[in-house]
Structure formats: structure tokens, C-alpha cells
Amino acid sequence: MLTADPSSTHPTDVRDAIRLADALAQRRFVEPAPPSIRRLLVHLLWRNDLDPEELGATAVSALKCDEMLDHELLRAVLCRVTVKDVEVEQAVKALRFTFLERMAQEQALPLDAAAPLMAAVVEQCHRTQHVYSESAAERTLVDRLIAAMNNDVPRTHNPELALRRLAVCAMYRPIWTLPGAERAFEASAGADATPLSDTLAELRREHREELEIQRDIRTLGTITDAMSASVQAHYEVHPYPRWLTLRRPAARPFAAVMAERFPDAVLPATEGRRASILVAGCGTGAHPIHVAMKYADADVTAIDLSRASLAYAIRKARQYGVANIEFRQADILGLRTLTQRFDAIECVGVLHCMRDPSEGWRVLTDLLQPRGFMKIGLYSRQARADMDADRLLLPARRAEVSPERFRALRDAMIGRARATGIPGATRIGDFYSTSGLRDLLFHVQEIEFDLPEIALLVRDLGLTFLGFRPEDALARFRARFPGGSARDLALWAQFEREVPDLFWSMYVFWTQRA
Ligand SMILES: C[S@@+](CC[C@H](N)C(=O)[O-])C[C@H]1O[C@@H](n2cnc3c(N)ncnc32)[C@H](O)[C@@H]1O
């Protein structure tokens, strides 16, 4: 719990900031938060050396019980966090619609006053990847506005109008898909409305950088498996996860971290050389960048099927100045011919979207050095069962639903959660962005597991189970089974039957090769 009043100064040292962020992350406000705490939250949310998502629920709870809407907190939340709250989402949708209607009625707000809030709504809509539904009337207005931007810009000579139009369109569609966006950028050149113009320019710049990066991504092996090709197509359109900043871990030698994590394990022989780590299915880079920062003496290879995801990852690695990662486009199944061997392999949230997860897991196992470590993350059938009611709403070919149908189905899930009081998918963070929800419920392939199945696979692959991530319920396990071994998957299976949402995000565990 936070006890000291942190109002006077904000932490300059990252360790102090982490300590305060960790304490605040546990808090949920049910009464107005003191101004000093709100200021601290705003400060922490804007820091680039923390992950603001960790403070999202706290900040949203503070926002919701704030009688006099704190604009700085609102802006920080909308710009830095993907809002994972249906009520606040409704408020953002209403705000977006107000801007649209005003635009349609040519009743623009004075831009200097409205620009910061407009910029924040643009950011939030970009962060959620425009996941919010639109009414038919709203869509008509949006289409008209997009057409007006495309047709009228050269004649307006009104930079502020051009900027406002572009901003409202960007609340509904990615700017790079808007036909008139480039001319709107030109036409808005004279508008003095930071941070709105900065926000829009930054979104365009990031997208351009990723397109440029994509051209130069090198490949490793080939993608011939039909399911891998379908999965690639999914993540080319919806790179996952879209993250902003991450908490920089303290850099330490690989062997020291592993010896501390597994005190009784014999480590792979890494003396006199750099450790080698493979992150398989690295997505948009948060995972390999974290790994590369954490192990000071390791070279990381990060592979993924999706060039769009890799481009995002490379842009972020550049932003963080992380140089010990090589990114390659590859299918795990295409790595069979690789001669390099790795001291550790991490593959989280990936194998369960392969045609045959055990085949992919086998390929990875063969790439381990003797005594090499492997971290795996797989969906739990039991934990995901509470989304069954939501799944019943989905059509058979759910991966192919149009954006409009996708948003309508999402609204149906919100309606179902409200009507029944059972949150289902709405309690999961991924529900609140397009790439997240597509990943969560609209995937071309998702295979769920239970612990007995995992125990068999681990055995068949000749691996030793070393335990789940400690942050995942280890303390609760120890309280439930005092003296029981945390490496006993049968005990964990019993525990999961008793607590069905124990592994609600995934089973994430370590194994080791002999
Ligand atoms: C749910 S995302 C997880 C990303 C990342 N591991 C994380 O935890 O943030 C799954 C990723 O696995 C990649 N993927 C799926 N099947 C793959 C395969 N056969 N080979 C390589 N990457 C694959 C997808 O392209 C996607 O980026």
C-alpha cells in the first residue's frame, strides 16, 4: 500500500518509479483519489521506462470516481493505456460522436481548446484499432466526412478545418487507409494545434517507418505449411500485441539469472561465449526486447511468420536502442534445417495456433543445446471455458467476419455480459482492441490444452518440467499444498479443477532438455 504522500516530487530514479507503480497497480479507487495521487499517476503513465498498461485499471478507477473530470488524468489514460472498461469505452465513443457531429454541422470547437482532447481520442481509437462499433447514422457521417476530406481539401485553404477533419476521420479509421489523408496533411500544414498535429504526424511516421522496415526483413527457411500461411495472413492484418512502452529490466548475465531461477538445475555450458536465445513467434517484439534487455550477455534471435509484426518489433527495438536481437521472418516448422543451437527458447502463445502444436514443439526441442531451457505458453481449456457463451455467438467461419460484423458481435458480447452479469470475454484485456479480440476469439486456429495433455507431451519430448512462472499462483499453490512439489503436474491439475480460472491468461511454464 502507498502510505507516503508522493505529491511534492515525482520519482526521478527508475527504481523508485517502479516501486510506486507496483504499489499503485494494486489500488482500485472507489472514492475520489487525492490530487497528489492523481498527479503521480499521470507522471507514471507518461514515463517511457514503465509499462503504462500495468497502471491502466488503477488509473481508470481513479478516473471513474473523479467528480470534476481531471483532464490531465483523462488525457494520460487515453494516450497511454488501452481502456479496458465498458463504461469508459462508452464515454469515449460518445465523445468521438460529439466531435463527428460538430464537424458535420460545421460547429467546430475552438481548436486550441479542443486539440488536446481530440488528440487523446485519436490516440485511444488508434490504440484500440477502432474496435468500437458505429451506428448506421454515424457511418453515413463518417463516409461523408472522408469524401469531403478527399474532395474539398484543395479548395478550403483552411488549415484548421483540414486538421480537424483529418483528426475526426482518424477517430474512425486508420489514417493510412484514408484516400485524402496526404492532401489533408498538406492542407493542415499551417494549423497551430499541437498536440493534435503532432499526434497525427506521429501515427503517419510510425506507419511509414514500419512499411520501410518490412522491405528489408530477412527470412529464415520457408513457409510451406497451409495453416502457417493462414496464421501469417491473420497477423499481417492484425499484428499482436500493439504495445507502447515496457518496463526495462535490470540487465544480468544469463547464467546468473538461470542459476537463481533454477538453483538445482545443471546449466548449459556457456563459459567463454555469449548465450544464445530464440524467441519463437515473437509477435510485435515486447517479448524478445524484454529478453534482450534482461540478459546482458546474450544474443537473441526472434522469429515470426508476420512481416507486419516483425516491422513493429524492429521499430520498437530501435526506439529502445536494443541491438542484441536479430529479427527474421520464419515458420517454426521451417527451422528444422537450422544448425544453430540455443541455450534457451521462449515460445509463448504460439504453438496453440499451429496445425499440430506437438510438431512445432518437437522442432523447437531439437534446437536446444544439451541442458537448454524452454519456456512455453499454451491456452488452458478450463480457463477459457468461461468464454463459451461468447463463442456461441460466433459464426462458423469466424476468422472471416467483416470489420462491421466483428464490431456487432463484440457489442452482442457486451450486451450478454450486462444482461447475465457474467463477464465472459469482457473481463479479458484483449477484448478491448481489434488485434486482441481477433487473437482471443476470432482466430483461424486455436487448440486448447489441459495439464494431463501437457504432462504427456513434456514426457514424450524428453523434457523435464521445471514449474510455472512464479507470479502465476505459486504462492496460492504452496498454501493449498504445503510440502507438495510445484513440479508435480498432477497436483497442479487438481488445483486447476478447484480454481478453474487459475491459468486464465495461459499456462506459462519452464522445461529443460536433458
Ligand atoms: C498471440 S501472438 C504472441 C506473440 C508473442 N509471443 C507474445 O507473447 O506477445 C502469436 C504469434 O505467433 C506467431 N506464429 C504463429 N504460428 C507461428 C509459426 N508456425 N511460426 C512462427 N511464428 C508463428 C504469429 O505470427 C504471432 O505473431
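Since we're looking at a predicted model, the values are computed, not measured.

Visitor: I would appreciate a short explanation of the packing of helix H1 (residues 14-25) against helix H2 (residues 35-46) in the present structure.
Guide: A packed helix pair is summarised by two numbers, namely the angle formed by the two axes and the spacing between the axes. Between H1 and H2, the shortest axis-to-axis distance is 11 Å and the interhelical angle comes to 120°. In this structure, the crossing between H1 and H2 has a hand that is left-handed. Residues Ala17, Leu20, Ala21 and Leu24 of H1 touch H2, and the partners they reach there are Ile37, Leu40, Leu41 and Leu44. When the residues that make up the contact of H1 with H2 are grouped by side-chain class, the tally is eight nonpolar, no polar and no charged.

Visitor: Quick question: what am I supposed to make of the side chain of serine 276 here?
Guide: Along the polypeptide, serine 276 turns up in strand S1 (residues 275-280). By relative accessible area, which is 9% here, serine 276 ends up buried. When sequence neighbours within four positions are dropped, the list of residues in contact with serine 276 reads Asp299, Gln340, Arg341, Phe342, Asp343 and Ala344.

Visitor: How should I be thinking about the domain arrangement of the chain in this particular structure?
Guide: For an interface, size is often stated in terms of accessible area lost upon the parts coming together. Taken domain by domain, the chain holds domain 1 (14-81), domain 2 (87-211), domain 3 (226-378) and domain 4 (385-434). A separation of 31 Å is found between the C-alpha centroids of domain 1 and domain 3. Taken together, the contact between domain 1 and domain 3 spans 12 residues of the former and six residues of the latter. Taken over both partners, the interface formed by domain 1 and domain 3 buries close to 660 Å², and the fraction arising from carbon and sulfur atoms is 45%. The interface formed by domain 1 and domain 3 holds two salt bridges in total. Taking the shortest distance from any N to any O, the salt bridge between arginine 247 and aspartate 22 comes out at 2.7 Å.

Visitor: What should I look at first to understand the pairing of strand S4 (residues 342-348) in this one?
Guide: Here is the key point about a regular strand: its side chains alternate between the two faces of the sheet. The buried fraction of S4 amounts to six of the seven residues, a majority that puts the element mostly inside the structure. Here three bridges tie S1 to S4, and the two strands are oriented parallel to one another. Note on S4: the bridge partner recorded for leucine 278 is isoleucine 345. Judged from the six bridges that link them, S4 and strand S5 (residues 368-378) form a sheet pairing that is parallel. Note on S5: the bridge partner recorded for isoleucine 345 is methionine 374. For the crossover that starts at S4, traverses helix H15 (residues 357-366) and ends in the parallel S5, the hand is right-handed.

Visitor: Any chance you could explain the pairing of strand S3 (residues 325-329) here in plain terms?
Guide: When you tally the buried positions in S3, you get four out of five residues, the bulk of the element. Strand direction decides the pairing type here: strand S2 (residues 298-304) and S3, joined by five bridges, are parallel. The residue bridging isoleucine 303 from the neighbouring strand is arginine 328, located in S3. Remark: the S2/helix H14 (residues 307-319)/S3 crossover connection has right-handed handedness.

Visitor: Hey, could you run me through helix H4 (residues 71-80) in this one?
Guide: Three or four residues apart is the spacing at which side chains of an α-helix point the same way, because the helix has 3.6 residues per turn. Summarising burial for H4: seven of the 10 residues are buried, a large majority. Those residues of H4 that fall on the buried side of the exposure criterion are Leu73, Leu74, Ala76, Val77, Leu78, Cys79 and Arg80. The opening residue of H4 is aspartate 70, an N-cap whose side-chain oxygen sits 3.0 Å from the backbone nitrogen of glutamate 72.

Visitor: Hey, could you run me through the state of the cysteines in this one?
Guide: Structurally, a disulfide amounts to a covalent bond that connects the sulfur atoms of two cysteines. Considering all chains together, one arrives at zero disulfides under this definition. With no disulfide of its own, cysteine 125 has cysteine 79 as its nearest cysteine by sulfur position, at a separation of 11 Å. In this structure cysteine 125 comes out as buried when scored by relative accessible area, which is 1%. In this structure cysteine 282 is a free cysteine whose sulfur lies 10 Å from that of cysteine 347, the closest cysteine sulfur available. For cysteine 282, a relative accessible area of 4% puts it in the buried group.

Visitor: Just checking my understanding: could you explain the site of the ligand for this structure?
Guide: Gly281, Asp304, Asp331, Ile332 and Val348 are the nearest of the 19 residues found near the ligand. The backbone of glycine 281 places a nitrogen or oxygen atom 2.7 Å from a nitrogen atom of the ligand. Backbone polar atom of isoleucine 332 to a nitrogen atom of the ligand: 2.9 Å apart, as the coordinates give it. Expressed as a share of its isolated accessible area of 590 Å², the protein-covered part of the ligand is 94%. Counting residues per element, the ones that place at least two in the shell around the ligand are helix H11 (226-237) and S2. By residue number, the principal contributor to the shell around the ligand is H11, which donates three residues. In the shell around the ligand, the residues fall into 12 nonpolar, four polar and three charged.

Visitor: Whenever I open this one, the confidence of the model for the chain confuses me. Can you help?
Guide: Note that predicted coordinates carrying low pLDDT should not be read in detail. Summarising the model, the chain shows a mean pLDDT of 92, and 96% of its residues fall at 70 or more. The model gives residues 1-8 a pLDDT under 50, and that stretch makes 12 contacts with residues more than four places away or in other chains.

Visitor: It is not clear to me how the pattern of salt bridges should be interpreted in this structure. Could you clarify?
Guide: A side chain with one charge may pair with a side chain of the opposite charge, provided their charged atoms come close. Going through the model one piece at a time under the given rule, you end up with 44 salt bridges. Across the pair glutamate 453 and arginine 381 runs a salt bridge, and its minimum N-O distance is 3.3 Å. Residue glutamate 453 is located in helix H20 (residues 451-460), and its partner arginine 381 is located in helix H16 (residues 381-384); the two are separated by 72 residues in the primary sequence. Notably, a salt bridge pairs glutamate 448 with arginine 391, separated by 2.9 Å at the nearest N-O pair. One end of the pair, glutamate 448, is in the loop between helix H19 (434-441) and H20; the other, arginine 391, is in helix H17 (residues 388-391), with 57 residues separating them in the sequence. According to the relative accessible area criterion, arginine 391 is buried, its value standing at 17%.

Visitor: Is there a simple way to think about the side chain of threonine 128 in this case?
Guide: Along the polypeptide, threonine 128 turns up in the loop between helix H6 (111-127) and helix H7 (136-156). Classification of threonine 128 by relative accessible area gives buried; the value is 0%. Among residues more than four places away in sequence, those in contact with threonine 128 are Thr82, Tyr432, Ser433 and Thr434.

Analysis parameters
- Residues numbered from 1 in each chain as written.
- Predicted model: local features only at pLDDT ≥ 70, side-chain atom pairs only at ≥ 80, totals over all residues.
- Heavy atoms only, no water.
- Axes fitted to C-alpha atoms, helices over the stretch in contact; angles between N-to-C directions.
- Helix = DSSP H or I, 4+ residues; strand = E, 2+ residues; numbered from the N terminus.
- Left-handed = near helix turned anticlockwise from the far one by under 90°.
- Contact = heavy atoms within 4.5 Å.
- Nonpolar A, V, L, I, M, F, W, Y, C, P; charged D, E, K, R; others polar.
- Buried < 20%, exposed > 50% of the residue type's maximum accessible area, 1.4 Å probe, protein only.
- Domains from an automatic or database assignment.
- Buried area = accessible area lost by both parts, 1.4 Å probe.
- Salt bridge = Lys/Arg side-chain N within 4 Å of Asp/Glu carboxyl O.
- Pairing = 2+ DSSP bridges.
- Right-handed = clockwise from strand over helix to strand, strands pointing away.
- Polar contact = N/O pair within 3.5 Å; in protein donor to acceptor, adjacent residues only side chain to side chain.
- Disulfide = S-S within 2.5 Å.
- Near = heavy atom within 4 Å.
- Areas by Shrake-Rupley, 256 points an atom, 1.4 Å probe, with all protein chains shown as cover.
- pLDDT = per-residue confidence, 0-100.

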